[in-house]
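For reference, the chains in residue letters:
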Amino acid sequence: MSDVVVVTGITADLGPAVARELWSRGATLVGIYHRSHARAKALAAEARRRGAGLSLHTLDFTRAVAARRKVQTIARGLTRVDAFVGLAGYPAKRVWHEPFERLTPERLEGIYRVDTLGHVWFAQALGKKIARAGGAMVLMCSAAALIGDDLGVGFALAKAANVALVKSLARLYAPRVRVNGLAPGALDTSWLDELKPAERRGARDKALLRRYGKPEEVARVIGELALGPSRFQTGQVLVLDGGVAL
């Protein structure tokens, strides 16, 4: 029987690469996305070509009460879950450069609802199922959550909350569930479109390796954390930033 992995943000920048990595490990995926219907359709077509397992659900995390109810409904429909991978993130478009002084309660709450509370709802709903499988949770954090940033402060705050969530869930669900996080630095994704040329060069050159990370590199680490074979790690946030946060 193949492993069943629930993946939020499956149509976002990292989602397809993570899906391909998990498929390569024989997993069947339950993918969660919001509005990217064209990307979801393309991913479903790829799954059919590969003969890979994929079911898709739409979910709006910004509506917290309704989102929590729908997460519980999705969870009830799953007889087995081996892993949860939380990639969902608030869209960065036109938000990354918002001045700190202008950040509104609505914006901060919106980011928090998507980037953090979405993980909380799925952890609540799937924790016992994953424990029965002796499985894992992997939550997306950020290098900025560990060292700070002068751009995208609202995102850094939510990702910092995810660091605490990783460690709390690791304690709550030990010893049956491994819970880890991943903290990427600058990745070669659509996020770069939000930066000015000088900012792009700066993000690249801060890394000792002098390049951006690739989605496939992140996906390989996520696959290892979610499905093994190494299984002696929990409560950790792995930094994958090319050597920025030493």
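We now turn to the structure provided with this report. No experiment lies behind these values; they were computed from the predicted model shown.

1. Some thoughts on the overall build of the protein chain
Secondary structure assignment for the protein chain yields eight helices and seven strands. The C-alpha radius of gyration of the protein chain comes to 17 Å, within 12% of the 18 Å expected for a compact globule of 246 residues. Referenced to the eigenvectors of the C-alpha coordinate spread, the extents of the protein chain come out at roughly 50 × 40 × 40 Å. Taking all 246 residues of the protein chain together, the buried fraction comes to 50%.

2. Brief notes about a nonpolar patch on the surface
The grouping of Leu146, Ile147, Val239 and Val244 at the surface amounts to a nonpolar patch, some 300 Å² of accessible area in total. Turning to its location among the elements, Val244 is positioned in the segment after strand 7 (237-240).

3. A few points about helix 1 (residues 15-24)
With seven of 10 residues buried, helix 1 is to be regarded as a mostly interior element. Among the residues of helix 1, Gly15, Ala17, Val18, Ala19, Glu21, Leu22 and Trp23 are the ones counted as buried. Note on helix 1: the residue one or two positions beyond its end, Gly26, has a positive phi of about 85°.

4. Structural notes on the nonpolar core
By size, the foremost hydrophobic cluster in this structure holds 53 residues, and its most contacted members are Val6, Phe61, Phe122, Leu126 and Met137. Listing elements by their share of this core, those giving two or more residues are strand 1 (4-8), strand 2 (28-33), helix 3 (64-76), helix 4 (105-133), strand 5 (136-140), helix 6 (153-173) and strand 6 (178-184). No other element matches the 11 residues that helix 4 contributes to this core. Contact partners of Val6, with chain neighbours within four places excluded, come to Val30, Ile32, Leu78, Val81, Ala83, Phe84, Val85, Phe122 and Leu126. Counting 28 residues, the second largest nonpolar core, distinct from the first, contains Val7, Ile10, Val18 and Ala219.

5. Re the pattern of salt bridges
A pair can form between side chains of opposite charge whenever their charged atoms are brought close. Within the structure shown, the criterion is met by nine salt bridges. A salt bridge links Arg211 to Glu217; the shortest N-O distance between them is 2.7 Å. The class of Glu217 is partly exposed, set by a relative accessible area of 23%. When salt bridges with common partners are traced through the structure, they connect Asp3, Arg80 and Asp82 into a single cluster.

6. Things to note about the side chain of Thr189
Among the structural elements, Thr189 can be located in the loop between strand 6 and helix 7 (197-205). The exposure class of Thr189 is buried, given its relative accessible area of 13%. A distance of 3.5 Å separates a polar atom in the side chain of Thr189 from a polar atom in the side chain of Asp13.

7. Considering the environment of Arg39
Take Arg39: it is sitting in helix 2 (residues 37-50). In this structure Arg39 comes out as partly exposed when scored by relative accessible area, which is 47%. In the structure, Arg39 is positioned 23 residues away from Pro16 in sequence and 9.0 Å away in space, judged by C-alpha atoms. Those residues in contact with Arg39 that sit more than four places away from it in its chain are Thr11, Ala12 and Asp13. Separated by 3.0 Å, the side chain of Arg39 and the backbone oxygen of Thr11 make a polar contact.

8. Some thoughts on the packing of aromatic side chains
Counted by the stated rule, this structure contains five aromatic pairs. On the numbers, 6.4 Å between centres and 55° between planes, the contact of Tyr90 with Phe155 is tilted. Note that Tyr90 is positioned in the loop between strand 4 (83-86) and helix 4 and Phe155 in helix 6, a separation of 65 residues in sequence. Cluster of aromatic residues (ring-pair linked, three or more members): Tyr90, Trp96, Phe155 and Trp191.

9. Topic: helix 8 (residues 215-227)
Helical periodicity: at 3.6 residues per turn, an α-helix aligns residues three or four positions apart in one direction. An ideal rise of 1.5 Å per residue puts 18 Å on 13 residues; helix 8 measures up with 18 Å between its terminal C-alpha atoms. For helix 8, the set of buried residues is Pro215, Val218, Ala219, Ile222, Gly223, Leu225, Ala226 and Leu227. Elements in contact with the buried residues of helix 8: strand 1, helix 1, strand 4, strand 5, strand 6 and strand 7. Gly228 occupies a position one or two residues after helix 8 and carries a positive phi of about 85°.

Reading guide: rules and limits
Position numbers for residues count from 1 along each chain, tracking the sequence in the order it is written. Only residues with pLDDT of at least 70 are given local features in this predicted model, and only at 80 or more are side-chain atom pairs given and counted; all residues enter the totals for whole chains, interfaces and linings. Computation of side-chain values: all heavy atoms of the structure, hydrogens and water removed. By the criteria applied, helices consist of DSSP H or I runs no shorter than four residues and strands consist of E runs no shorter than two, each listed in order from the N terminus. Here the radius of gyration uses the C-alpha set of atoms, whereas the globule reference equals 2.2 Å times the residue count to the power 0.38. Exposed residues in this analysis have more than 50% of their type's maximum accessible area, buried residues have under 20%, and partly exposed residues fall in between, with area computed by a 1.4 Å probe over protein chains only. Patches in this entry comprise residues that are over 30% relatively accessible and not in a salt bridge; like charges within 9 Å are linked, as are nonpolar side chains (Val, Leu, Ile, Met, Phe, Trp, Tyr) within 5 Å. With residues, only the protein chains shown are counted as cover, and all accessible areas are computed by Shrake-Rupley using a 1.4 Å probe. The term salt bridge refers to a pairing of a side-chain nitrogen on Lys or Arg with a carboxyl oxygen on Asp or Glu at a separation within 4 Å. Nonpolar cores are built from buried Ala, Val, Leu, Ile, Met, Phe, Trp, Tyr and Cys residues. Side-chain atoms within 4.5 Å join them into one set. Note on definitions: a residue-residue contact is assigned when non-hydrogen atoms from the two residues lie within 4.5 Å. Between N or O atoms, a polar contact is any pair within 3.5 Å; within protein, one atom must be a potential hydrogen donor and the other a potential acceptor, and residues adjacent in sequence are included only when both atoms are from side chains. Pairing of aromatic rings covers Phe, Tyr and Trp, the last counted by its six-membered ring, and requires centre-to-centre distances within 6.5 Å; plane angles under 30 degrees mean stacked, over 60 mean edge-to-face, and any other angle means tilted. Each residue after the first adds 1.5 Å to the expected span of a helix.

Distances and angles like these do not, on their own, reveal function.
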